[in-house]
Amino acid sequence: MPKYQIFFKAELENLTNLRPESLDDYDFKLKFTCMNCQEEHEGWVIVNVGEEAETSQGRTANLVMKCKQCKNEGTANMMPETLKAYGIESSGKWAPLIQLECRGLEPIAFGTADGWIAEGAETGTKFEELTIGESEEWAEYDEKASLPVGVTEIEGK
């Protein structure tokens, strides 16, 4: 099964180790193209590590979907062991976030959803429930460091 890397980019202000809070509950928003007919699926598709569906061959996958154009079945499985936190050293640069295996589908876009955590770069202060859904920004204050913290200019691919 082909493996695809999802990349993430954001500007971090005094934050590090940005990542989804719980992989079992996080909804990865992806857009796919059918590998059989090259038809692009309309809209975002949710892929969740904690959910499984059965394929027509009796296997399971985090996502099972049929192409509306050619009726080809495609599957996707997130690879939680490949998750990498986004650190302050990557701020403003593309960095790998997670991989997924696909059969019959190719991911073409990634959009963030709410449910992220991070740590203060200077203090390690935990920040939970960051609302950095698509096109959103997040800001707070790290009282231990007496510094503002934030996430802006969020992109995924």
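Our structure is the block above this text.
As a convention, each chain's residues are numbered from 1 in the sequence order in which they are written. Thresholds applied to this predicted model are a pLDDT of at least 70 for local features of residues and 80 or more for the giving and counting of side-chain atom pairs; totals over whole chains, interfaces and linings are not thresholded and use all residues. Note that water and hydrogens are dropped before the side-chain values are worked out from all heavy atoms of the structure.

**Considering the overall build of the chain**
Note the cut-off: Segments assigned H or I by DSSP are reported as helices when at least four residues long, segments assigned E as strands when at least two residues long, and all are numbered from the N terminus. A simple rule labels every residue: compare its accessible area, found with a 1.4 Å probe on the protein chains alone, to the largest value its type can have, and call it buried under 20%, exposed over 50%, or partly exposed in between. Any two residues having at least one pair of non-hydrogen atoms within 4.5 Å are treated as being in contact. Here the accessible surface of atoms and residues is derived via Shrake-Rupley with a 1.4 Å probe, and residues count as covered only by protein chains that are part of the display. For the purpose of counting charges, residues Lys and Arg are taken to be positive, whereas Asp and Glu are taken to be negative. His and the chain ends are not included. Lys charges are placed at NZ, Arg charges at CZ, Asp charges at CG and Glu charges at CD.
Tallying secondary structure elements over the chain gives zero helices and 14 strands in all. Across the chain, helices and strands are ordered from the amino to the carboxyl terminus as β-β-β-β-β-β-β-β-β-β-β-β-β-β. A principal-axis box enclosing the C-alpha atoms of the chain has dimensions of 55 × 25 × 20 Å. Within the chain, the proportion of its 157 residues that are buried is 43%. Look at the contacts in the chain between residues 6 or more apart in sequence, and 59% of them connect residues 24 or more apart. Element-wise, carbon and sulfur atoms account for 41% of the exposed surface of the chain, whose accessible area totals about 8,200 Å². Considering the chain, the positive charge centre built from 15 side chains and the negative charge centre built from 30 side chains are found 8 Å apart.

**Description of the pattern of salt bridges**
Put simply, the rule is: What counts as a salt bridge is simple: a side-chain nitrogen of Lys or Arg found within 4 Å of a carboxyl oxygen of Asp or Glu.
Taken as a whole, this structure holds three salt bridges when the rule is applied. Glutamate 155 is paired through a salt bridge with lysine 9; the nearest N and O atoms lie 3.6 Å apart. Of this pair, glutamate 155 sits in strand 14 (residues 147–156) while lysine 9 sits in strand 1 (residues 3–13), and the two are 146 residues apart along the sequence. Here lysine 126 and glutamate 119 are joined by a salt bridge, their closest N and O atoms 3.2 Å apart. The exposure class assigned to lysine 126 is exposed, which follows from its relative accessible area of 56%. Here glutamate 119 falls in the buried class, since its relative accessible area comes to 15%. The network of salt bridges with shared partners includes Arg19, Glu119 and Lys126.

**Brief notes about the packing of aromatic side chains**
As a reminder, the rule being used: Note on aromatic contacts: the rings of Phe and Tyr and the six-membered ring of Trp form a pair at centre separations within 6.5 Å, being stacked when their planes are under 30 degrees apart, edge-to-face when over 60 apart, and tilted otherwise. Charges are assigned to positions over rings by a cutoff of 6 Å between ring centre and Lys NZ or Arg CZ, combined with an angular limit of 35 degrees from the ring normal.
Counted according to the given criterion, the structure contains six aromatic pairs. Centre to centre, the rings of phenylalanine 8 and tyrosine 86 are 5.1 Å apart; their planes meet at 80°, and the pair counts as edge-to-face. One end of the pair, phenylalanine 8, is in strand 1; the other, tyrosine 86, is in the loop between strand 8 (73–79) and strand 9 (95–103), and 78 residues separate them in sequence. On the accessibility criterion, tyrosine 86 (2% relative accessible area) is buried. Judged by centre distance (5.7 Å) and plane angle (70°), the ring pair of phenylalanine 127 and tryptophan 138 falls under edge-to-face. Separated by eleven residues along the polypeptide, phenylalanine 127 in strand 12 (residues 126–130) and tryptophan 138 in strand 13 (residues 138–142) bring together distant segments of the chain. Take phenylalanine 127: its relative accessible area is 8%, and that puts it in the buried class. Over the face of the ring belonging to tryptophan 44 we find lysine 29, whose NZ or CZ atom lies 5.3 Å from the ring centre. Across from the ring centre of tryptophan 94, 4.6 Å away, lies the NZ or CZ of lysine 157, which sits over that ring.

**Quick notes on the sheet that holds strand 3 (residues 27–34)**
Note the threshold: At least two DSSP bridges between two strands are needed for those strands to be called paired. Axes, fitted as lines to C-alpha atoms, cover a helix only where it is in contact. Angles between the N-to-C directions of the axes lie from 0 to 180 degrees.
Taken in spatial order, the three strands of this open sheet run 4-3-10, and their pairing is antiparallel. Of all strands in the sheet, those bounded by a partner on one side alone are strand 4 (45–48) and strand 10 (105–111). Put simply, the sheet's adjacent strands are angled 50° from each other on average, direction ignored. Sheet analysis places strand 3 next to strand 10, joined by six bridges and oriented antiparallel.

**A few points about the sheet that holds strand 1**
Here we have six strands laid out as an open sheet, ordered 7-8-9-1-14-13, and antiparallel in their pairing. What marks the edges here is a single partner per strand, and that holds for strand 7 (63–66) and strand 13. Direction aside, the axes of adjacent strands within the sheet are offset by 30° on average. Alignment of strand 13 against strand 14, held across five bridges, turns out to be antiparallel. The residue of strand 14 that forms the bridge with tryptophan 138 is valine 151.

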